[in-house]
Amino acid sequence: MVDQTTHLPVLLADVISGLAPHPGGLTIDGTLGLGGHAEAILDASAPDGRLLGFDRDGDALARAGERLARLGDRLVTAHASYAEMSRLAPPLGFAAVDGILLDLGLSSLQLDDPARGFAFRYDAPLDMRFDPSSGLTAADLVNSLPEDELADLIYEYGEERHSRRVARAIVRGRPVTTTNRLAEIVAASIPGGRREKIHPATRTFQALRIAVNDELRELERGLPQALDLLKPGGRLAVISFHSLEDRLVKHWMKRESTDCLCPPEQLVCTCGHVAALRLVTRKPVEASAQESGANPRARSAKLRAIERVAA
Ligand SMILES: C[S@@+](CC[C@H](N)C(=O)[O-])C[C@H]1O[C@@H](n2cnc3c(N)ncnc32)[C@H](O)[C@@H]1O
């Protein structure tokens with residue numbers, strides 16, 4: 001059982017100043033987790049602000065609901081991906097909202113639960129699904145993908161330069177069904193891997209988690225939906241934890257804050273693209289040394305925020 005009091009929401013003060021919640025405001029938290037950010041947003045929008053929290057993990061929703069029971073019907077939850085928000089939020093009363101938060105990736109609750117198979121520090125079935133009730137597990141992927149597809153996945157999502165060797169070793173070691181076995185195979189396949197500062201399996205585990213949950217595609221689908229649901233003046237804040245996510249968020253924000261997307265040598269605009277947002281953060285906000293010291297998860301966090309402009 002994980003101690004829920006040890007969960008520390010990342011960049012909390014920056015999220016609150018970025019979203020600026022106010023009484024009566026409507027907020028969507030696309031990644032509710034244990035509701036640490038949600039709680040602070042609801043407290044800042046008391047007495048009547050409301051928040052809709054999405055999570056793919058039913059267990060996280062149940063725990064957040066229990067933890068935040070004092071907030072009554074000011075908190076509404078939905079067991080779904082945030083990439084379904086444009087379909088699911090309006091019927092729940094969240095059609096034009098003041099703020100949206102995406103705190104991407106996995107929670108400490110998931111990482112620290114040996115049964116979920118996200119971490120190699122515990123031996124567990126290789127699962128890694130945010131929603132353990134549906135979809136393929138990491139074991140399904142490592143035991144069924146052709147070697148070259150597995151190598152591409154590990155290269156693309158894990159940025160692992162030894163991806164071909166790693167994939168070959170995994171295929172030779174099949175069936176691979178547990179976290180420790182996978183970590184051993186990966187470590188043994190990487191030259192000098194055991195001397196690295198981080199465990200050599202870290203990149204492969206990241207790649208599998210991203211693939212199992214289709215995280216980058218969900219983010220690509222979710223960002224435009226978030227923009228559509230914001231009122232003019234409404235804010236979106238996104239916290240990412242690795243360069244693939246941050247790059248995607250940064251490029252999308254840049255594109256949507258630009259009026260014309262025609263090639264620079266073209267003198268007359270033919271695309272008609274109009275900026276729909278304004279950047280609130282020009283550079284990503286990162287955690288202070290103090291926060292990173294207290295919460296290792298904060299070390300790689302990058303927060304970017306935008307404001308929707310009037311159409
Ligand atoms: C970093 S945690 C959020 C922590 C939360 N902000 C807090 O303060 O407790 C990320 C959560 O997002 C969920 N998640 C990841 N991808 C999701 C998606 N596409 N849709 C909904 N929830 C998602 C995970 O299950 C996890 O519970």
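A short tour of the structure in this document, coming up.

**Side note on the site of the ligand**
Neighbouring residues of the ligand: 24 residues in total, closest His-37, Asp-55, Asp-103, Gln-110 and Arg-297. Interatomic distance of 3.0 Å between a backbone N/O atom of Leu-34 and an oxygen atom of the ligand. Residue Arg-56 places a main-chain N or O atom 3.3 Å away from a nitrogen atom belonging to the ligand. Contact with the protein chains covers 99% of the free accessible surface of the ligand, which is 600 Å². Looking at the shell around the ligand, its residues break down into 8 nonpolar, 11 polar and 5 charged.

**A few points about empty space enclosed by the protein**
Leftover empty space is mapped by rolling, across the atoms, a probe with the size of a water molecule. For the structure shown, the criterion picks out 1 cavity of 30 Å³ or more. Here the largest cavity is characterised by a volume of approximately 390 Å³. In terms of lining residues, the largest cavity is bounded by 30 residues, among which Thr-31, Asp-55, Asp-103, Leu-104 and Gly-105 are the most central. Broken down by secondary-structure element, the contributors of at least two residues to the lining of the largest cavity are α2 (36–44) and α11 (215–229).

**Remarks on the sheet that holds strand β1 (residues 26–29)**
Pairing between the strands of a sheet is mediated by backbone hydrogen bonds and can be parallel or antiparallel. The mixed open sheet is built from 7 strands, whose spatial order is β3-β2-β1-β4-β5-β7-β6. Bordering the open sheet on either side are β3 (75–79) and β6 (277–279), each of which pairs with just one other strand. When strand polarity is set aside, the average angle formed by the axes of neighbouring strands in this sheet is 20 degrees. In terms of strand pairing, β1 meets strand β4 (residues 97–103) through 3 bridges, oriented parallel. Residue pairing for β4: Thr-27 is matched across the bridge by Gly-99. Together, β1, β2 (50–55), β3, β4 and β5 (230–240) form the strand contacts of α2, whose direction differs from that of β2 by roughly 170 degrees. The sheet strands contacting helix α12 (residues 243–256) are β5, β6 and β7 (302–308), and the helix crosses β7 at an angle near 20 degrees.

**Here's the deal with the pattern of salt bridges**
What the rule picks out here adds up to 24 salt bridges. Here Arg-87 ties to Glu-84 by a salt bridge, and the two come within 3.2 Å at their closest N and O atoms. Residue classification places Arg-87 among the exposed positions, given a relative accessible area of 53%. Between Asp-127 and Arg-129 there is a salt bridge, with its nearest N and O atoms 2.8 Å apart. Classification of Arg-129 by relative accessible area gives buried; the value is 14%.

**Remarks on the packing of α11 against α12**
Close contact between α11 and α12 brings their axes to 11 Å; oriented N to C, the two are set at 30 degrees. As far as their axial angle goes, α12 and α11 are roughly parallel. The way α11 lies across α12 gives a crossing that is right-handed. Between α11 and α12, the residues in contact are Glu-215, Leu-216, Leu-219, Glu-220, Leu-223, Pro-224 and Leu-227 and Leu-244, Glu-245, Leu-248, Val-249, Trp-252 and Glu-256, respectively. Tallied by class, the residues present in the contact of α11 with α12 amount to 9 nonpolar, no polar and 4 charged.

**Section: the packing of helix α1 (residues 12–19) against α2**
Here α1 crosses α2 at 45 degrees, and the two axes come no closer than 10 Å. As summarised for this structure, α1 and α2 are arranged oblique, according to the angle between their axes. Relative to α2, α1 is oriented so that their crossing is right-handed. Together, Leu-12, Val-15, Ile-16 and Leu-19 of α1 and Gly-36, His-37, Ala-40 and Ile-41 of α2 make up the contact between the two elements. Grouping the constituent residues of the contact of α1 with α2 by class yields 6 nonpolar, 2 polar and no charged.

Procedures and definitions
- Residues numbered from 1 in each chain as written.
- Predicted model: local features only at pLDDT ≥ 70, side-chain atom pairs only at ≥ 80, totals over all residues.
- Heavy atoms only, no water.
- Near = heavy atom within 4 Å.
- Polar contact = N/O pair within 3.5 Å; in protein donor to acceptor, adjacent residues only side chain to side chain.
- Areas by Shrake-Rupley, 256 points an atom, 1.4 Å probe, with all protein chains shown as cover.
- Nonpolar A, V, L, I, M, F, W, Y, C, P; charged D, E, K, R; others polar.
- 1 Å grid on protein atoms, 1.4 Å probe; cavity = no way out; pocket = protein on both sides within 12 Å on 5 of 7 lines; lining within 4 Å.
- Points joined across faces, edges and corners; volume = space filled by probe spheres on them.
- Helix = DSSP H or I, 4+ residues; strand = E, 2+ residues; numbered from the N terminus.
- Pairing = 2+ DSSP bridges.
- Axes fitted to C-alpha atoms, helices over the stretch in contact; angles between N-to-C directions.
- Contact = heavy atoms within 4.5 Å.
- Salt bridge = Lys/Arg side-chain N within 4 Å of Asp/Glu carboxyl O.
- Buried < 20%, exposed > 50% of the residue type's maximum accessible area, 1.4 Å probe, protein only.
- Parallel < 35°, antiparallel > 145°, perpendicular 65-115°, else oblique.
- Left-handed = near helix turned anticlockwise from the far one by under 90°.

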